[in-house]
There are 2 protein chains.
Amino acid sequence: MRGLLGGKGANLAEMTQLQMPIPNGFTITTEACLTYLKERSEFSPDMKRQIEEALDDLQKKSGKTFGSTTSPLLVSVRSGAAISMPGMMDTILNLGLNDVTVQTVAKNSGNETFAYDCYRRLIQMFGDVVFEIDGAKFEKEIDKVKEATGKDNDAALDAQDWQGIIKEYKRIIKEEKGIEFPQEPKEQMYLAIEAVFSSWLNSRAKTYRRLNNIPDDLGTAVNIQEMVFGNLGDTSGTGVLFTRNPSTGEPGLFGEYLINAQGEDVVSGVRTPQPIRALENAMPGIYQQILGICDTLEHHYKDMQDIEFTIEAGKLFILQTRNGKRSPKASVKVAVDLVSEGIITKDEAVLRIEPNMIDQLLHPVFDSLALASATPLATGLPASPGAASGKICFTAEQAKKRSEAGEKVLLLRSETSPEDIEGMVVAEAVVTSRGGMTSHAAVVARGMGVCCVVGCEALKIDEHAWTVTIGDKVFTKDDDLSIDGTTGEIYAGVLPTQMATEETSLQEVLGWADKVAALKVKGNGETKRDILAALEFGAAGIGLARTEHMFFAEDRVLAMRKMILANNEEERKEPLRQLKVAQKGDFKEMFTAAGEKDITIRLLDPPLHEFLPHTEDEMAELSGATGMPLVLVEKRIEELQEMNPMMGHRGVRLAITFPDVCVMQTEAIIEAAVEVSQAKNIQIKPEIMIPLIGTAEELAFVKGYVQAAAERVFKEKGMTLEYHVGTMIEIPRACLIADEIAKEAEFFSFGTNDLTQMTFGYSRDDVWKFLPVYLKDKLLPADPFRTLDIKGVGQLMKVATEKGLAANPDLVVGVCGEVGGDPASIAYCVELGLDYVSCSPYRVPVARLAAAQATLKQKKAEAQASAR
Amino acid sequence: MRGLLGGKGANLAEMTQLQMPIPNGFTITTEACLTYLKERSEFSPDMKRQIEEALDDLQKKSGKTFGSTTSPLLVSVRSGAAISMPGMMDTILNLGLNDVTVQTVAKNSGNETFAYDCYRRLIQMFGDVVFEIDGAKFEKEIDKVKEATGKDNDAALDAQDWQGIIKEYKRIIKEEKGIEFPQEPKEQMYLAIEAVFSSWLNSRAKTYRRLNNIPDDLGTAVNIQEMVFGNLGDTSGTGVLFTRNPSTGEPGLFGEYLINAQGEDVVSGVRTPQPIRALENAMPGIYQQILGICDTLEHHYKDMQDIEFTIEAGKLFILQTRNGKRSPKASVKVAVDLVSEGIITKDEAVLRIEPNMIDQLLHPVFDSLALASATPLATGLPASPGAASGKICFTAEQAKKRSEAGEKVLLLRSETSPEDIEGMVVAEAVVTSRGGMTSHAAVVARGMGVCCVVGCEALKIDEHAWTVTIGDKVFTKDDDLSIDGTTGEIYAGVLPTQMATEETSLQEVLGWADKVAALKVKGNGETKRDILAALEFGAAGIGLARTEHMFFAEDRVLAMRKMILANNEEERKEPLRQLKVAQKGDFKEMFTAAGEKDITIRLLDPPLHEFLPHTEDEMAELSGATGMPLVLVEKRIEELQEMNPMMGHRGVRLAITFPDVCVMQTEAIIEAAVEVSQAKNIQIKPEIMIPLIGTAEELAFVKGYVQAAAERVFKEKGMTLEYHVGTMIEIPRACLIADEIAKEAEFFSFGTNDLTQMTFGYSRDDVWKFLPVYLKDKLLPADPFRTLDIKGVGQLMKVATEKGLAANPDLVVGVCGEVGGDPASIAYCVELGLDYVSCSPYRVPVARLAAAQATLKQKKAEAQASAR
């Protein structure tokens with residue numbers, strides 16, 4: 001009944017039904033609020049009558065009465081909309097106190113200071129939320145007294161001090177509002193209720209509703225509850241607890257309490273609270289009662305609870321219960337334990353874990369104690385999670401050399417380019433001062449599972465002097481830094497790390513997930529390390545193995561450059577022969593690592609100039625190595641420059657203008673597959689993927705070369721094997737004519753990175769110039785490179801999937817772009833009925849879980865729809 | 001009956017029905033061909049019988065007999081498929097000649113040389129096409145005789161020479177085929193018929209049919225006709241004529257003839273033919289007969305005819321008639337005249353003119369005589385038609401200065417950029433050594449109607465030394481060149497030009513076209529010159545006025561640069577104020593020029609770095625002018641560089657990150673519109689167009705600023721006016737969510753240039769690296785930047801138009817991209833039901849005609865569909 005009672009009221013009602021010992025009270029419904037607002041802010045006689053009846057009932061149950069000089073009723077008044085909302089009036093405590101009842105409370109509690117502190121709090125909260133008087137005015141009075149008495153914190157103030165402050169508070173109200181602070185408890189109550197109702201219409205709440213698409217006609221409920229106090233002596237106390245350890249997920253109560261204290265004393269740290277287990281000895285009856293309550297609540301809410309309680313004179317009150325926040329590790333452990341305890345099903349466990357949390361489980365984190373005492377030097381964007389320390393390196397070459405010499409190194413660059421790959425591979429962490437979450441450094445590091453922080457503008461990197469200045473500190477190559485890829489923070493020196501993993505529980509949940517998921521999860525990777533990592537993380541295969549990263553290796557880039565500089569097919573022959581030897585070796589390693597699991601190998605994709613040198617020295621070196629005059633080398637490099645390389649001479653366009661390159665790659669793939677199949681006596685079925693297809697004719701053209709090359713190899717080797725030829729779908733036009741393309745393709749793999757670039761006309765390298773403004777001003781709901789733009793890019797994917805399958809029902813359709821590891825995007829892929837997603841190895845577990853959740857939610861929605 | 005008789009046979013049959021005097025003959029149908037091929041290359045008895053009957057009939061009609069020693073029948077055998085096809089056997093003449101009949105012909109004609117020449121031709125053609133003997137073998141024998149006799153051309157050879165050659169020809173046939181050349185005319189005929197039939201299945205014909213989607217089961221017909229000779233004495237002759245002047249379109253016969261000659265004598269130029277009018281005196285009866293025939297044929301075919309005729313011994317024979325090829329000028333003139341003569345309707349006239357021809361009518365051409373004697377130095381791509389000469393300038397500045405000094409100048413650059421605009425405006429022609437038909441130079445020059453040749457790689461331009469080397473010749477700034485933008489040819493020196501225009505007829509046809517066309521044609525332009533040109537060419541308004549070209553002007557670029565370098569809104573104020581004054585002036589000029597015709601003004605579109613200096617000197621200058629330290633200027637310029645500027649921070653993205661710029665532009669537009677409206681007492685309704693929209697939120701956001709600015713101006717001026725806010729649709733995503741965008745927009749204008757770039761993922765600046773290969777290998781049917789890609793880009797336009805109109809039925813939809821002037825693309829726009837296309841001023845007449853043709857064709861197709 002959240003709609004009628006609000007979130008808080010519904011929760012209290014539920015606990016009441018569970019016969020939890022909660023403070024007596026009643027809830028005024030949202031309907032009442034709406035009626036009040038409609039009737040020009042007047043309580044109708046009927047409404048007033050109902051409130052009076054509820055109040056009578058409360059007075060009877062509690063044995064206390066408003067304004068009584070022996071046993072005065074004190075209540076809290078809290079708002080409670082169906083959806084919690086900043087800007088709404090929140091809470092007034094201690095309502096019912098006045099100049100008379102305060103004395104009774106002082107006497108009953110034996111604690112004058114407590115009584116007057118309660119009273120001044122009432123006046124202060126009342127002044128603030130009912131009379132809308134600037135809170136600073138009240139705080140100033142406290143400061144004055146502290147100054148005058150030389151007491152340095154609120155806790156040191158005594159009854160006399162508070163009495164003086166109360167006098168000043170009353171004066172403020174009189175001055176600001178021209179009326180006395182109301183002494184009549186019922187008047188206090190009605191004013192408080194009206195304030196809650198009216199706050200529904202204040203401008204902050206209205207704005208919040210507009211921005212979050214919350215309807216204006218919901219209204220808010222009001223909860224009125226008897227006050228309970230934990231500071232009425234040694235049989236009183238207060239505490240907070242989790243029903244399980246929120247950090248590790250281990251079963252057993254976890255929490256703290258204080259005897260003779262109020263809730264805020266536990267939090268403020270003035271007194272050191274006791275661990276909850278100590279209550280077993282101190283108040284064994286209460287402790288047993290709590291154990292029982294925890295069990296009931298866990299079974300009722302089917303989850304670990306976060307509970308606030310107060311013991312008033314030996315009597316336990318539960319003030320609040322809610323599902324407890326927990327660490328990723330605990331999240332998994334709790335879900336698995338709840339299954340084995342029979343509280344939830346496996347499907348529920350799968351749905352219970354936030355997929356993105358898993359990411360953190362798979363990387364080391366800094367020791368939390370060490371972290372608590374360290375101050376970050378700077379904060380960048382958290383591009384790839386993990387925690388690592390090492391010596392600063394300013395170039396990839398430096399990183400490689402020092403790493404080979406046994407040092408732990410970090411790679412610090414303004415931004416990275418494909419040439420930095422070798423340095424990134426050996427670095428503990430990669431840091432850049434420029435670029436966003438989808439910059440080269442970010443994408444590659446995430447792909448490799450290397451900790452990475454990007455766009456940390458506070459770093460002033462001098463790549464010539466080999467220094468980095470952060471604030472007023474200068475660091476050199478001999479300094480260590482510690483990088484937190486999960487928060488984006490950078491620290492000086494070496495911080496100790498620990499692993500966050502809780503392997504067995506996680507494997508268990510992921511196993512359940514795989515049984516449920518309607519699509520397979522593959523990993524992207526081309527090195528042995530990546531492939532093994534992906535498979536270890538449960539990938540069903542390799543959905544994207546790029547073939548260009550390996551060309552940047554020192555021993556190959558020269559052959560690559562010679563190939564590019566060649567003037568004709570004849571001159572390309574020798575460098576291509578060298579590259580083929582190298583590529584075949586790579587492919588054999590890949591096939592050996594993956595065994596019979598699918599590997600989808602993408603033919604050469606990036607524009608050729610990416611492989612060419614940029615500096616004069618390198619050009620001179622290349623001129624020497626090739627015997628080509630320097631001017632010609634420079635000219636050729638200039639010719640290969642492009643205005644918009646992303647939309648230039650790359651992908652299949654290279655295969656069409658230089659078919660010999662695609663032939664070389666095909667031969668290397670098929671030869672490697674045949675040789676490894678023979679050596680290991682297994683059946684490898686390579687999948688050859690042509691990138692950047694925009695017309696069916698392109699695919700047919702290149703497929704012709706691929707098939708001819710494969711046939712040649714089969715003939716030479718005296719053996720054939722099954723292989724498939726498919727295409728990336730990453731150009732909008734390819735989606736629009738997917739029916740034509742599907743007739744030539746055995747599989748489609750959506751390259752959502754490029755597809756998003758072209759569909760929006762956003763260059764991923766340049767988008768940081770305006771995307772932050774777009775996100776801030778809500779012109780876009782999310783970064784479309786991280787979360788699929790379902791409306792636009794998703795629409796094209798839908799068209800392509802439908803047209804593709806209509807034309808070729810055997811077509812396999814998947815995704816291998818960046819969003820393949822994003823849960824919201826995976827949900828859409830499930831909706832489209834895709835066969836697989838492929839993401840970076842470290843995202844595979846996240847994706848497996850997200851796929852299962854999406855499938856479960858889809859099934860539920862379908863069941864609901866068919867029930868209707 | 002083309003299907004049954006083939007094109008040639010049907011034509012002959014038609015002329016027969018018109019009682020034209022054509023040589024007697026008969027046609028063997030395509031059905032006969034198919035039967036023959038099906039029955040394993042055997043003539044069926046029935047077929048043979050019919051051929052014999054037809055031959056008998058021919059012998060009767062002609063009074064000649066095969067093999068007769070007094071009056072031998074000679075015939076031609078020609079193939080004639082429904083669709084003419086290279087690779088098919090073509091023609092055998094003089095069939096019926098043999099060792100005996102050749103003597104009779106020699107005697108009857110009194111010309112032995114003629115007779116033996118005919119005979120050797122028969123043997124040569126027969127050897128070539130029936131026996132498939134390499135033609136070079138025959139030609140070699142003629143060469144041998146010429147060498148031996150010292151005669152230097154075929155015409156000099158006499159009967160004896162031919163007799164010797166005939167002997168050798170017969171020997172060749174015997175050697176190659178092992179048989180004698182057949183002496184029996186009927187055997188000759190059957191062999192010839194079989195050769196025609198069989199050639200239907202030869203590999204060249206098959207390939208041609210496959211490439212052109214011509215079915216294989218059509219077959220070919222065979223036409224057999226009596227030979228007629230124009231060289232049988234002074235009452236014989238031959239000639240070719242057009243029924244009107246094919247160069248000017250003027251009425252009256254136009255052509256040439258020769259007495260006592262064969263057709264090829266007219267063409268070969270050995271004898272000088274007489275103008276056709278001379279025939280009126282020479283053979284008045286024949287001339288009158290020809291006049292009557294021309295009239296009949298023109299009325300029958302409803303077009304100017306190109307006729308071949310022969311007079312054999314005082315008897316006229318029409319050998320062929322076909323619609324005559326003609327110059328653009330004649331094309332228009334003939335169409336208009338045919339209407340006034342009542343031969344065709346106005347709609348037919350509109351359909352009769354090839355729209356692209358008109359382009360040539362609107363530009364000067366080189367004098368044809370001068371051209372005939374000039375040799376081009378080099379040939380580039382014909383980017384913008386016209387002909388012009390001038391002194392060579394190597395920079396825009398040079399061009400401007402020398403032009404101001406009264407010189408006629410050409411601008412020669414490796415490639416142009418927006419900074420060259422001022423040089424392009426003053427140049428007679430623009431030439432680049434790099435770039436394609438849609439490079440900056442090409443697009444801008446076409447837009448301005450300036451003659452332009454691009455991608456002329458033969459030019460080695462040294463921009464430092466101010467020389468251009470073409471082949472082995474070096475030209476300096478003091479040399480003149482002549483540029484033909486219609487052919488792409490470049491000549492040394494100054495060639496005289498002439499105008500090709502035939503104004504009144506063209507205006508008449510275009511007037512008819514406008515009455516018919518289902519969409520309006522607007523022009524693109526932002527200068528007074530462009531706007532006036534567009535309106536003069538009949539544009540219904542200005543569909544695209546860019547607002548950035550004017551920022552490159554010398555007196556403005558500094559303010560623009562200051563604005564860009566500013567760190568915040570405050571610093572941008574002063575440069576923006578200066579720019580506003582300038583822009584308002586521009587807009588007033590534009591509104592004044594266009595009057596009440598619509599102008600659609602596009603807000604700032606290109607990336608900001610295009611406006612910044614590139615050289616050290618300019619940066620230093622800018623640093624001086626702004627007081628900003630040089631290092632900071634350099635840094636800011638570097639910051640603004642983009643990897644893929646086409647997909648970077650431009651278009652609406654600028655308006656969102658710098659709303660003050662869009663506000664400035666709006667104020668300038670509205671103030672200018674109000675002031676010109678008041679001054680001229682007219683109603684200007686500006687259309688403000690936001691470029692590069694990808695989300696509805698962007699448009700709503702910017703529209704908010706535009707409307708607020710407009711309201712402010714209205715208040716200040718105490719006057720309001722109607723204005724419209726719309727958007728470019730040039731991002732694929734915009735098409736996909738056009739329903740959302742249409743709710744915010746009053747009009748859509750497809751920017752097909754960008755839309756094509758994004759849909760294909762082709763950077764227009766870089767596409768020349770692979771597009772030529774794509775076109776060569778037929779991976780694309782056409783350059784999609786010149787002719788709309790209907791399948792892909794067109795599909796997006798269809799989606800956008802449908803979604804847009806469904807969401808907002810009042811939406812006006814048009815095109816302002818490059819394809820707006822392309823006839824095939826305009827036809828698709830008509831199909832989509834768009835409201836207008838907008839193209840460069842010089843293309844407006846082309847587009848008007850194309851729009852009318854598309855509408856007429858659509859109506860016809862609809863009428864046919866509803867008739868079914």
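For the structure itself, consult the block above.
Reading guide: rules and limits
Residues numbered from 1 in each chain as written. Chains lettered and ligands numbered in written order. Predicted model: local features only at pLDDT ≥ 70, side-chain atom pairs only at ≥ 80, totals over all residues. Heavy atoms only, no water. Helix = DSSP H or I, 4+ residues; strand = E, 2+ residues; numbered from the N terminus. Buried < 20%, exposed > 50% of the residue type's maximum accessible area, 1.4 Å probe, protein only. Contact = heavy atoms within 4.5 Å. Areas by Shrake-Rupley, 256 points an atom, 1.4 Å probe, with all protein chains shown as cover. Pairing = 2+ DSSP bridges. Axes fitted to C-alpha atoms, helices over the stretch in contact; angles between N-to-C directions. Core = buried A, V, L, I, M, F, W, Y, C linked by side-chain atoms within 4.5 Å. Least-squares fit on C-alpha atoms with pLDDT ≥ 70 in both. Salt bridge = Lys/Arg side-chain N within 4 Å of Asp/Glu carboxyl O. Phe/Tyr/Trp six-rings, centres within 6.5 Å; stacked < 30°, edge-to-face > 60°. Lys NZ or Arg CZ within 6 Å of the ring centre and 35° of its normal. Disulfide = S-S within 2.5 Å. Buried area = accessible area lost by both parts, 1.4 Å probe. Polar contact = N/O pair within 3.5 Å; in protein donor to acceptor, adjacent residues only side chain to side chain. Nonpolar A, V, L, I, M, F, W, Y, C, P; charged D, E, K, R; others polar.

## With respect to the overall build of chain A
- When you go through chain A residue by residue, the secondary structure sums to 35 helices and 30 strands.
- Each principal axis of the C-alpha distribution contributes one length, and for chain A these read about 105 × 65 × 55 Å.
- Classification of the 868 residues of chain A by burial places 56% in the buried group.
- Within chain A, counting contacts between residues at least 6 apart in sequence, those at least 24 apart form 67% of the total.
- Of the roughly 36000 Å² that chain A leaves accessible, carbon and sulfur atoms contribute 50%.

## Overview of the sheet that holds strand E24 (residues 541–545) of chain A
All names here are of chain A.
- Strand order in the closed barrel formed by 8 strands is E23-E24-E25-E26-E27-E28-E29-E30, with parallel pairing between adjacent strands. Between one strand and the next, the sheet's axes are offset by a mean angle of 25°, whatever the strand orientation.
- Sitting on the sheet, helix H33 (residues 790–807) touches strand E27 (724–729), strand E28 (747–750) and strand E29 (812–815), and the angle it makes with E28 is about 175°.
- Sitting on the sheet, helix H35 (residues 844–867) is in contact with strand E23 (520–524) and strand E30 (836–839), with an inclination near 160° to E23.

## A look at the sheet that holds strand E5 (residues 237–244) of chain B
Residue and element names in this part refer to chain B.
- The strand order E7-E6-E5-E8-E9 describes an open sheet built from 5 strands, whose pairing is antiparallel. Looking at the sheet topology across the chains shown, the edges are occupied by strand E7 (274–275) and strand E9 (315–323).
- Direction of pairing for E5 relative to strand E8 (residues 305–312): antiparallel, over a ladder of 6 bridges. Bridge assignment links Leu241 to a residue of E8, and that residue is Ile307.

## Focus: the nonpolar core
- Counting residues in hydrophobic clusters, the biggest one holds 238 residues, and the most contacted among them are A:Phe591, A:Phe750, A:Met797, B:Phe591, B:Ile690 and B:Phe750.
- Every residue in contact with A:Met797, bar those within four places of it in the chain, is listed here: A:Phe750, A:Thr752, A:Leu755, A:Leu788, A:Val815, A:Cys829, A:Leu832 and A:Leu834.
- Among the nonpolar cores identified, the runner-up in size contains 62 residues, and B:Leu73, B:Ala81, B:Cys118 and B:Trp200 belong to it.

## Regarding the environment of A:Ala782
All names here are of chain A.
- In this structure, Ala782 sits in the loop between helix H32 (771–776) and H33.
- Relative accessible area serves as the criterion here: at 28%, Ala782 is assigned to the partly exposed category.
- Through-space distance from the C-alpha of Ala782 to that of Pro772 is 10.0 Å; in sequence the pair is 10 residues apart.
- Ignoring anything within four residues of it in the chain, the contact list for Ala782 reads Leu775 and Thr787.

## Observations concerning the relation of the copies chain A and chain B
- With an RMSD of 0.2 Å, the operation that places chain A on chain B is a rotation of 180° combined with a shift of 0.2 Å along the axis. In the structure described here, the two chain copies are related by an operation that fits a two-fold rotation axis. Taking C-alpha positions as reference, the residue of chain A nearest the rotation axis is A:Asn644, located at 2.1 Å.
- A share of 100% of the interface residues of chain A reappears at the interface of chain B, consistent with the copies meeting face to face through the same patch.

## With respect to the pairing of strand E19 (residues 473–476) of chain A
- Taken together, the 4 bridges between strand E18 (residues 467–470) of chain A and E19(A) define a ladder with antiparallel strand orientation. Each bridged residue has a counterpart across the sheet, and for A:Val468 the counterpart in E19(A) is A:Phe475.

## So, the pattern of salt bridges
Residue and element names in this part refer to chain A.
- As enumerated under the stated definition, the model contains 116 salt bridges over all chains in all.
- Across the salt bridge formed by Lys170 and Asp99, the nearest N and O atoms sit 2.6 Å from each other. Residue Lys170 is found in helix H7 (residues 159–177), and its partner Asp99 is found in the loop between strand E3 (91–95) and helix H4 (101–109); the two are separated by 71 residues along the sequence.
- One connected set of salt bridges, linked through shared partners, spans Lys580, Lys584, Lys588, Glu667, Glu671, Glu675, Arg712 and Lys717.

## Thoughts on the packing of aromatic side chains
- Tallied over the entire structure, the rule returns 38 aromatic pairs over all chains.
- Between A:Phe138 and A:Tyr169, the ring centres sit 4.8 Å apart and the planes meet at 75°, which makes this aromatic pair edge-to-face. One end of the pair, A:Phe138, is in helix H6 (residues 135–149); the other, A:Tyr169, is in helix H7, with 31 residues separating them in the sequence. As far as burial versus exposure is concerned, A:Phe138 and A:Tyr169 are alike and both buried.
- On the basis of an interplanar angle of 45° and a centroid distance of 6.3 Å, the ring pair of B:Phe43 and B:Phe197 is categorised as tilted. A residue pair is termed long-range when its members are at least 10 positions apart, and B:Phe43 in the loop between helix H2 (30–38) and helix H3 (45–62) and B:Phe197 in helix H8 (residues 185–199) qualify at 154 residues.
- A relative accessible area of 0% places B:Phe197 in the buried class.
- Grouping aromatic residues by their ring pairs yields a cluster made of A:Tyr36, A:Phe43, A:Tyr190 and A:Phe197.
- In this structure, A:Lys522 is placed above the aromatic ring of A:Tyr836, and the distance from its NZ or CZ to the ring centre is 4.2 Å.

## Topic: the state of the cysteines
- This model, assessed by the stated rule, comprises 0 disulfides over all chains.
- B:Cys393 takes part in no disulfide bond, and the closest cysteine sulfur, belonging to B:Cys451, lies 15 Å away.

## Section: the interface of chain A and chain B
- Every contact between the two is made by 50 residues of chain A and, on the other side, 50 residues of chain B.
- Carbon and sulfur atoms make up 57% of the surface buried where chain A meets chain B, a total of about 4500 Å² over both sides.
- Of all residues in chain A, A:Met647, A:Arg733 and A:Lys769 give up the largest surface area on contact with chain B, accounting jointly for 15% of the area buried on that side.
- Where B:Arg434 meets A:Glu638, a salt bridge forms, and the shortest distance between an N and an O atom there is 3.9 Å.
- Run the count over chain A and chain B and you get 32 residue pairs in polar contact (both at pLDDT 80 or more).
- At the level of elements, helix H25 (630–640), helix H26 (652–657), helix H28 (696–717), helix H29 (732–736), helix H31 (752–760), H32 and H33 of chain A are the ones that each hand at least two residues to the side of chain A that touches chain B.
- Per element, the largest residue contribution to the side of chain A that touches chain B is 5 residues, and it comes from H33(A).
- Grouping the constituent residues of the side of chain A that touches chain B by class yields 21 nonpolar, 12 polar and 17 charged.

## Describing helix H9 (residues 203–211) of chain A
- The backbone nitrogen of A:Arg204 lies 3.3 Å from a side-chain oxygen of the residue at the head of H9(A), namely A:Asn202.
- Positive phi shows up at A:Asn213, right after H9(A), with a value of about 55°.

## Observations regarding the side chain of A:Gln853
All names here are of chain A.
- Position of Gln853 among the secondary structure elements: in helix H35.
- Residue classification places Gln853 among the buried residues on the basis of a relative accessible area of 6%.
- A polar side-chain atom of Gln853 sits 2.6 Å from the main-chain carbonyl oxygen of Ile353.
- Each residue touching Gln853, except ones within four places of it in the same chain, is listed here: Val350, Leu351, Arg352, Ile353 and Pro355.

Take it as geometry only, folks, not as evidence of what the structure does.
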